[in-house]
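Residue-level listing of the chains:
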Amino acid sequence: MLTDRLFTSLCLAALTFGIMGTATAKDSKNASKPQAASATATTPAKMPNTVSKVIDAVKDNLATNPESPEDPLRQMQSDAIKNQSAPWGYWGHVPGKYSTWTNHSNRFVPLYSFGMTLNSLREPGSMYADPERLNQRYGAVPKDTLNPQAHYHDQVDVYELQKLAARNGKKHIITIIFDGNDWQSTRNAAIYRNQADLYDSGRGQGLAFQDYRGTKTDFAFLVTAPRSGGAKYDVNTQTVLDIKKKVTGGFDPRRAGPMPWHETPQSQYPISRDREQPHSFTDSASSASSLLAGIKTYNGSINVNSDGSYATPIAHDLQKEGFRVGVVTSVPVSHATPGAAYANNVTRKDYQDISRDLIGLPSSSHRRNPLPGLDVLLGGGWGEGVGKDATQGDNFLPGNKYLHESDLERVQKSGKYLVAQRTPGRRGNDVLAEATQAAIEKDSRLLGYFGTRGGHLPFRTADGNYKPTFDVKGTERYTEADLAENPTLAEMATTALKVLSRPQSDTDPKDALAPFWLMVECGDVDWANHANNLDNSIGAVFSGEAAFQAVVDWVEANDAWDETVVLVTSDHGHFFHLAQPQAIADAAIQAQAIQKLVQP
């Protein structure tokens, strides 16, 4: 048990952290208003409330479990699920209920650029102000979508930016996709990081991809709408059956709000439940096909147009031009986003065939002329076995549903890939580092296959640990082996950069960097938001941030900004509403106080 003296120290320290956190929040948020900032910072009226919350939380946590006090944000999430209500926020359009929506939304998502500006988007203006361009992309001008004052852009523009970067001579094009990470999810993580609510609009601050200024950088918002909500298809013949399916996508700024911070919380438009204007929200496959192949298509499509024709992702074009191409993901390697980086399939659910495209084997989409395959593929899915899966067609093989064991063995034995897998008793990053060195020395392609139950990497929580609490999907629990035997997303990104950038021939100087294209997906944000788990969501944003920082570290170490473009974005949003930002800030303050004071 803790002594009275130590308990007093805990409370005093918590008091200190509470005061500092409150003052920082108000001072920073009102920096552009000196008089207001001064008055707020010196007014004690609101301080006792925040401080008392900190002290009470520390007391409650220590009284409940003095040897191992609960993480405050974890406790907030637990209580919200148990009570199905929380004063600080909710998922869905019903303020009184914590969890009423577990799917996507058509919210704006952010786009951050590094190494290039977004002037190429601004000069011609938004396609949402141009009926001809809307018709070209959607196949029609969706109702209430045309907006002459549109200041926002579309995911297909990210594809165009990557093409432009290549045309302008950039040799390293890196696209980082935070799956499911809308502006609101980014802000939640920034509040926790800042221990204060420092912004309520714009680019934001506190996270590495918000703050980095080591090269020219820019910021915009993107529409994520699909062409249509779905389609009928035949997975065996890889044909789309309802070619003339009506366009159901689009974006109405009057109903959605002209900016993410101008939403009407109880509106059902963002989740396609507005009876007057039920625009479809996108799934990850359709949106990734927009980001990486430049098409508006139906939900579930992996680079297949609504008329059944195949779209060509930018990775194919750049590979033909001599670029190495790679994909890194924290979720199964053949999930929607990594799949859309390279494969073609009428459905995102045909995992085994999608993985065959990724590693250059014959597939249901490319039977006689298989694709060349990625140069680097690192991600999850390891250890996942099922006996049957009707969604994958007649050629499904019982066993690993994401990347079948026989396909893995085939490319390994043929020498097409050097394969690194999760290995019992060995640290994941050590396995990866050893494979990285071997791939560089042997001038080999690299395939890394890791994961825990469910096929993904362990979910990080906001406090930096890996101890998720329960949510609407259940409870994730990890063994010591799960944590040790898997690398992090940042470690996989670093590996991919090393292997892809190695000299292209023995005659090249050792420090010569080969041209490459790399897509990095932080898929955990989407999984956390589907589960309505705020703690996991913030932790997942931090995991993606670490991957971004790994990319920046590589660019800076190689003095390569003149030849590099990094785009950071998301594929779609969810529907969390934060009613009390200070609650997240207080949880972070409490967590820091507890962490500092329980350490030996």
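All values reported here derive from a predicted model rather than from experimental measurement. (Residues numbered from 1 in each chain as written. Predicted model: local features only at pLDDT ≥ 70, side-chain atom pairs only at ≥ 80, totals over all residues. Heavy atoms only, no water.)

Peer 1: So what's going on with the overall build of the chain? Which residues, and what values?
Peer 2: Within the chain, the secondary structure is distributed over 21 helices and 16 strands. Looking at the 600 residues of the chain, the share that counts as buried comes to 60%. A separation of at least 24 residues holds for 73% of the contacts in the chain among residues at least 6 apart in sequence. As presented, the chain carries roughly 23,700 Å² of accessible surface, and 49% of it is formed by carbon and sulfur atoms. (Helix = DSSP H or I, 4+ residues; strand = E, 2+ residues; numbered from the N terminus. Buried < 20%, exposed > 50% of the residue type's maximum accessible area, 1.4 Å probe, protein only. Contact = heavy atoms within 4.5 Å. Areas by Shrake-Rupley, 256 points an atom, 1.4 Å probe, with all protein chains shown as cover.)

Peer 1: Which residues make up the pairing of strand S2 (residues 109-114), and what are the values?
Peer 2: Among the six residues that make up S2, six are buried, leaving the element largely enclosed by the rest of the structure. Bridge analysis of S2 against strand S5 (residues 217-223) gives six bridges, and the strand direction is antiparallel. Each bridged residue has a counterpart across the sheet, and for Tyr 112 the counterpart in S5 is Phe 219. As paired elements, S2 and strand S15 (residues 564-570) share four bridges and run antiparallel to each other. (Pairing = 2+ DSSP bridges.)

Peer 1: Lay out the pairing of strand S8 (residues 324-332) in plain terms, naming residues and giving numbers.
Peer 2: A regular strand places its side chains so that they alternate between the two faces of the sheet. By the criterion of burial, S8 is predominantly enclosed, with nine of the nine residues buried. In this structure, S8 lies alongside strand S14 (residues 516-522), joined through six bridges in parallel fashion. Each bridged residue has a counterpart across the sheet, and for Val 328 the counterpart in S14 is Val 520.

Peer 1: I'd like to hear about helix H4 (residues 72-83), residue by residue, with values.
Peer 2: Structural remark: α-helix, 3.6 residues per turn; residues separated by three or four positions point the same way. Over its twelve residues, H4 runs 16 Å from end to end, which matches the ideal 16 Å to within 8%, given 1.5 Å per residue. Those residues of H4 lying buried are Pro 72, Leu 73, Met 76, Gln 77, Ser 78, Ala 80 and Ile 81. Looking one or two residues past H4, Gln 84 carries a phi angle of roughly 55°, positive in sign. (Expected span 1.5 Å × (residues − 1).)

Peer 1: Break down the pattern of salt bridges for me, with residues and values.
Peer 2: All told, the structure shown has 25 salt bridges when counted by the stated rule. Among the ionic pairs, Arg 324 bridges to Asp 443, the shortest N-O distance being 3.8 Å. Of this pair, Arg 324 sits in strand S8 while Asp 443 sits in the loop between helix H16 (428-442) and strand S13 (446-449); the two residues are 119 residues apart in sequence, bridging distant segments of the chain. With relative accessibility at 46%, the residue Asp 443 sits in the partly exposed group. Connected via shared salt-bridge partners are Asp 144, Asp 252, Arg 254, Arg 255, Asp 274 and Glu 276. (Salt bridge = Lys/Arg side-chain N within 4 Å of Asp/Glu carboxyl O.)

Peer 1: An account of empty space enclosed by the protein is needed here, citing residue identities and associated values.
Peer 2: For the structure on display, the rule yields three cavities of 30 Å³ or more. Its volume calculated, the largest cavity comes out at about 70 Å³. For the largest cavity, the full set of lining residues is Asn 106, Arg 107, Phe 108, Gln 184, Phe 251, Ala 256, Gly 257, Met 259, Pro 260, Glu 263 and Pro 270. Here the residues of the lining of the largest cavity are counted per class, giving six nonpolar, three polar and two charged. Roughly 40 Å³ of volume is contained in the second largest cavity. As for the second largest cavity, its lining consists of Arg 227, Ser 228, Gly 230, Ala 231, Val 240, Asp 242, Ile 243, Lys 245, Tyr 298 and Ser 306. In the lining of the second largest cavity, the residues fall into four nonpolar, three polar and three charged. (1 Å grid on protein atoms, 1.4 Å probe; cavity = no way out; pocket = protein on both sides within 12 Å on 5 of 7 lines; lining within 4 Å. Points joined across faces, edges and corners; volume = space filled by probe spheres on them. Nonpolar A, V, L, I, M, F, W, Y, C, P; charged D, E, K, R; others polar.)

Peer 1: Residue-level account of the sheet that holds S8, with values.
Peer 2: The strand order across the open sheet formed by ten strands is S3-S5-S2-S15-S4-S14-S8-S9-S13-S12, and the pairing between neighbours is mixed. Pairing within the sheet leaves two strands with one partner each, and these edge strands are strand S3 (153-154) and strand S12 (418-421). Contacting S2, strand S4 (172-178), S14 and S15, helix H20 (residues 534-557) runs over the sheet at an angle of about 170° to S4. (Axes fitted to C-alpha atoms, helices over the stretch in contact; angles between N-to-C directions.)

Peer 1: Report on the packing of helix H8 (residues 183-194) against helix H21 (residues 581-598), specifying residues and quantitative values.
Peer 2: When two helices pack together, their arrangement is given by the angle between the helix axes and the distance between those axes. For the pair H8 and H21, interaxial distance at closest approach is 7 Å and the crossing angle is 40°. As the angle between them shows, H8 and H21 are arranged oblique. Along this stretch, H8 crosses H21, giving a crossing that reads as right-handed. Contacts between H8 and H21 pair Arg 187, Asn 188, Ile 191 and Tyr 192 from the former with Pro 581, Ile 584, Ala 585, Ala 587, Ala 588 and Ala 591 from the latter. Of the residues that constitute the contact of H8 with H21, the class distribution is eight nonpolar, one polar and one charged. (Parallel < 35°, antiparallel > 145°, perpendicular 65-115°, else oblique. Left-handed = near helix turned anticlockwise from the far one by under 90°.)

Peer 1: Got a sec to walk through the side chain of Ser 267? Specific residues and values, please.
Peer 2: By the secondary structure assignment, Ser 267 is in the loop between helix H10 (253-256) and helix H11 (284-293). At 3.2 Å, the side chain of Ser 267 forms a polar contact with the backbone nitrogen of Tyr 269. In contact with Ser 267, not counting residues within four places along its chain, are His 93, Arg 255 and Phe 575. (Polar contact = N/O pair within 3.5 Å; in protein donor to acceptor, adjacent residues only side chain to side chain.)

Peer 1: Give a detailed account of the packing of aromatic side chains, specifying residues and quantitative values.
Peer 2: Summed over all chains, the structure comprises 26 aromatic pairs. Between Tyr 212 and Trp 561, the ring centres sit 5.9 Å apart and the planes meet at 35°, which makes this aromatic pair tilted. You can see Tyr 212 sitting in the loop between helix H9 (208-211) and S5 and its partner Trp 561 sitting in the loop between H20 and S15, a full 349 residues away along the chain. There is no split in this pair, since Tyr 212 and Trp 561 are both buried. Taking the centre distance of 5.0 Å and the plane angle of 75° together, the rings of Phe 219 and Phe 221 count as edge-to-face. As far as the burial class goes, Phe 219 and Phe 221 line up, both buried. Across the ring face of Phe 542, the terminal group of Arg 193 is positioned such that the distance to the ring centre comes to 4.4 Å. (Phe/Tyr/Trp six-rings, centres within 6.5 Å; stacked < 30°, edge-to-face > 60°. Lys NZ or Arg CZ within 6 Å of the ring centre and 35° of its normal.)

Peer 1: Can you explain the layout of surface pockets? Please cite residues and give values.
Peer 2: Once rolled over the atoms, a probe with the size of a water molecule shows which space is left empty. Taken as a whole, the largest pocket spans an internal volume of roughly 670 Å³. If you trace the largest pocket, you find 32 residues lining it, with His 335, Arg 348, Asp 526, Trp 527 and His 530 closest to the centre. For the lining of the largest pocket, the secondary-structure elements that each account for two or more residues are helix H13 (336-340) and helix H19 (524-530). Examining the composition of the lining of the largest pocket, we find that four residues originate from one element, H19, more than from any other. The residue inventory of the lining of the largest pocket, partitioned by class, reads nine nonpolar, 14 polar and nine charged.

Peer 1: Explain the confidence of the model for the chain to me, and be specific about the residues and the numbers.
Peer 2: Here the chain shows a mean pLDDT of 89. Residues at 70 or above account for 88%. The low-confidence segment residues 61-68 (pLDDT under 50) makes twelve contacts with residues lying over four places distant or belonging to another chain. (pLDDT = per-residue confidence, 0-100.)

Peer 1: Tell me about the side chain of Gln 162, residues and numbers included.
Peer 2: Mapped onto the fold, Gln 162 is located in helix H7 (residues 156-167). Not counting residues within four places of it along the chain, the set of residues in contact with Gln 162 comprises Ile 173, Thr 175, Leu 291, Leu 292, Ile 314, Trp 517 and Leu 567.

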